[in-house]
Amino acid sequence: AAFPGVPRGGLYTIIMAAAAAAADGAEEPGMEAEAQELPLGCGGAGGSPAAGRSPDGEQRREPPQASVSNGGDEDGSRELVELKVIWNKNKYDVKFCLDSTGAELKQKIHSLTGLPPAMQKVMFKGLLPEEKTLREIKVTNGAKIMVVGSTINDVLAVNTPKEAAQQDVKAEENKKEPLCRQKQHRKVLDKGKPDDVMPSVKGVQERLPTVPLSGMYNKSGGKVRLTFKLEQDQLWIGTKERTEKLPMGSIKNVVSEPIEGHEDYHMMAFQLGPTEASYYWVYWVPTQYVDAIKDTVLGKWQYF
């Protein structure tokens, strides 16, 4: 149809321009949709088809990635060896890294036993070198590791002061049966107090009398007297049969104990040789003279 006032050639130009404009308007909504979908499908920046779409517009699936170990799983990444650690009659089953050093093994032993590394002597085919690994010294599964050493408490216990040890010995002696109850002494004491025994004064210490101490028994039950010759530094032990003159310096020790039930009298022994078998026993010694006898014989004379 002809448009009035429009030349034929001009009409063609208008129709073509309108068609071109319509085509441009139809494409723009699809482009906006595509711009919104790309970031969701590619997972990365930019609008490249390689990032999330194939060139023909289809969604592309990425292949699954293999997991990679970061070294955090020690058992899976480090080779372990089974050991038998033996210390102080105790046995420990240990799994330990084959590439760890002897110094690191000492730290492990410390955590097991409480034994400080500096006090450990670790043995495997000789003394275990601290700087080498277990692999280098050819440690294998089931290997026995011997450990020698003492804890701090053990060392302190060994170094107990002598005074404390002596106190323990003395306490142990106190637990023993009193001498006057022992059979060898009982047979003498059961005879009773001698008729001519010297009188005793309980709770008093006196110096030695100028006359011999008499009226006492010896181990065989015979009468005995003690004479102290201070000017000659001698002790005379006299019986009915004979008198023994002993230099004070030859007497090693003097021991005594109250007689049970008659605490105002003591039984006393003079050690004449190196052992207790050499004790010369005297029974029913008045208690007021006991300390003076000991001091005199052992060289601690007291003058009142």
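All figures in this text were calculated on a predicted structure; none of them were measured in a lab.

## Topic: the overall build of the protein chain
Here's step 1: Each helix and strand counted, the protein chain has 8 helices and 11 strands in total.
Here's step 2: Residues classed as buried in the protein chain amount to 29% of the 304 residues present.
Here's step 3: In the protein chain, 47% of the contacts between residues at least 6 apart in sequence involve partners at least 24 apart.

## Side note on the packing of aromatic side chains
Here's step 1: Scanning the entire structure with this criterion turns up 3 aromatic pairs.
Here's step 2: For the pair Y279 and W281, a centre-to-centre distance of 5.9 Å together with 75° between the ring planes defines the contact as edge-to-face. Across the pair, exposure class does not vary: Y279 and W281 are buried alike.
Here's step 3: Among the aromatic residues, those joined into a cluster by ring pairs are Y279, W281 and Y283.
Here's step 4: Over the face of the ring belonging to W236 we find K229, whose NZ or CZ atom lies 4.7 Å from the ring centre.

## Topic: the environment of I259
Here's step 1: Among the secondary structure elements, I259 is positioned in strand 9 (residues 253-259).
Here's step 2: On the basis of relative accessible area, I259 is assigned to the buried category, the value being 3%.
Here's step 3: The residues contacting I259, other than those within four sequence positions of it, are L189, Y265, H266, M267 and W284.

## Let's talk about helix 4 (residues 102-113)
Here's step 1: Compared with the 16 Å implied by 1.5 Å per residue over 12 residues, the 16 Å span of helix 4 between its first and last C-alpha is a close match.
Here's step 2: Turning to helix 4, the residues buried within the fold contact strand 1 (80-87), strand 2 (90-97), strand 3 (121-123) and strand 4 (143-148).
Here's step 3: Once helix 4 finishes, G114 follows within two positions and takes phi at roughly 80°, a positive value.

## Regarding unusual backbone geometry
Here's step 1: Within the chain, K89 stands out as a residue other than glycine whose phi angle is a positive 70°.
Here's step 2: If you trace the backbone, K89 turns up in the loop between strand 1 and strand 2.
Here's step 3: One non-glycine residue, K138, lies in the positive phi region at around 65°.
Here's step 4: Secondary-structure assignment places K138 in the loop between strand 3 and strand 4.
Here's step 5: Given a relative accessible area of 62%, K138 falls into the exposed group.

## So, the pairing of strand 7 (residues 234-238)
It is a general feature of regular strands that their side chains alternate between the two faces of the sheet.
Here's step 1: Of all 5 residues that make up strand 7, 5 are buried, and the element is covered over most of its length.
Here's step 2: On strand 7, burial covers both faces: Q234, W236 and G238 on one face and L235 and I237 on the other are all buried.
Here's step 3: Two strands pair when backbone bridges link them, and strand 6 (residues 223-229) and strand 7 are joined in this way by 5 bridges, in the antiparallel orientation. Looking at strand 7, one finds that T227 is bridged to W236.
Here's step 4: Hairpin remark: strand 6 followed by strand 7, antiparallel, with 4 residues in the connecting loop; positive phi at D233, about 55°.
Here's step 5: When strand 7 meets strand 8 (residues 243-247), the two strands line up antiparallel, connected through 5 bridges. Along strand 8, the bridge assignment pairs I237 with E244.
Here's step 6: The hairpin formed by strand 7 and strand 8 contains 4 residues between the paired strands.

## Section: the pattern of salt bridges
Here's step 1: Within this structure, the stated rule accounts for 8 salt bridges.
Here's step 2: The partner of R186 in a salt bridge is D190, with the nearest N and O atoms 2.7 Å apart.
Here's step 3: Between D196 and K223 there is a salt bridge, with its nearest N and O atoms 2.9 Å apart. In this pair, D196 is assigned in the loop between helix 7 (183-189) and strand 5 (213-218) and K223 in strand 6, connecting sequence segments 27 residues apart.
Here's step 4: The class of D196 is partly exposed, set by a relative accessible area of 43%.

## Thoughts on the sheet that holds strand 2
Here's step 1: Ordered in space as 2-1-4-3, the 4 strands form an open sheet in which the pairing is mixed. Two strands lie at the open edges of the sheet, namely strand 2 and strand 3, each paired on one side alone. Taken over all neighbouring pairs, the strand axes of this sheet differ in orientation by 30° on average, direction set aside.
Here's step 2: Docked against the sheet, helix 4 engages strand 1, strand 2, strand 3 and strand 4, running at close to 140° with respect to strand 2.

## Notes on the pairing of strand 6
Here's step 1: Of the pairings in the sheet, the one linking strand 5 to strand 6 comprises 3 bridges and is antiparallel in character. Bridge assignment links L213 to a residue of strand 6, and that residue is L226.
Here's step 2: The antiparallel hairpin formed by strand 5 and strand 6 contains 4 residues in its connecting segment, where G221 sits at a positive phi of about 90°.

## Overview of the sheet that holds strand 11 (residues 279-286)
Here's step 1: Spatially, 7 strands are ordered 8-7-6-5-11-10-9 in an open sheet, and the strand pairing comes out antiparallel. Of all strands in the sheet, those bounded by a partner on one side alone are strand 8 and strand 9. Taken pair by pair, the neighbouring strands of this sheet meet at an average axis angle of 30°, ignoring direction.

So, how was this worked out
Residues numbered from 1 in each chain as written. Predicted model: local features only at pLDDT ≥ 70, side-chain atom pairs only at ≥ 80, totals over all residues. Heavy atoms only, no water. Helix = DSSP H or I, 4+ residues; strand = E, 2+ residues; numbered from the N terminus. Buried < 20%, exposed > 50% of the residue type's maximum accessible area, 1.4 Å probe, protein only. Contact = heavy atoms within 4.5 Å. Phe/Tyr/Trp six-rings, centres within 6.5 Å; stacked < 30°, edge-to-face > 60°. Lys NZ or Arg CZ within 6 Å of the ring centre and 35° of its normal. Expected span 1.5 Å × (residues − 1). Pairing = 2+ DSSP bridges. Salt bridge = Lys/Arg side-chain N within 4 Å of Asp/Glu carboxyl O. Axes fitted to C-alpha atoms, helices over the stretch in contact; angles between N-to-C directions.

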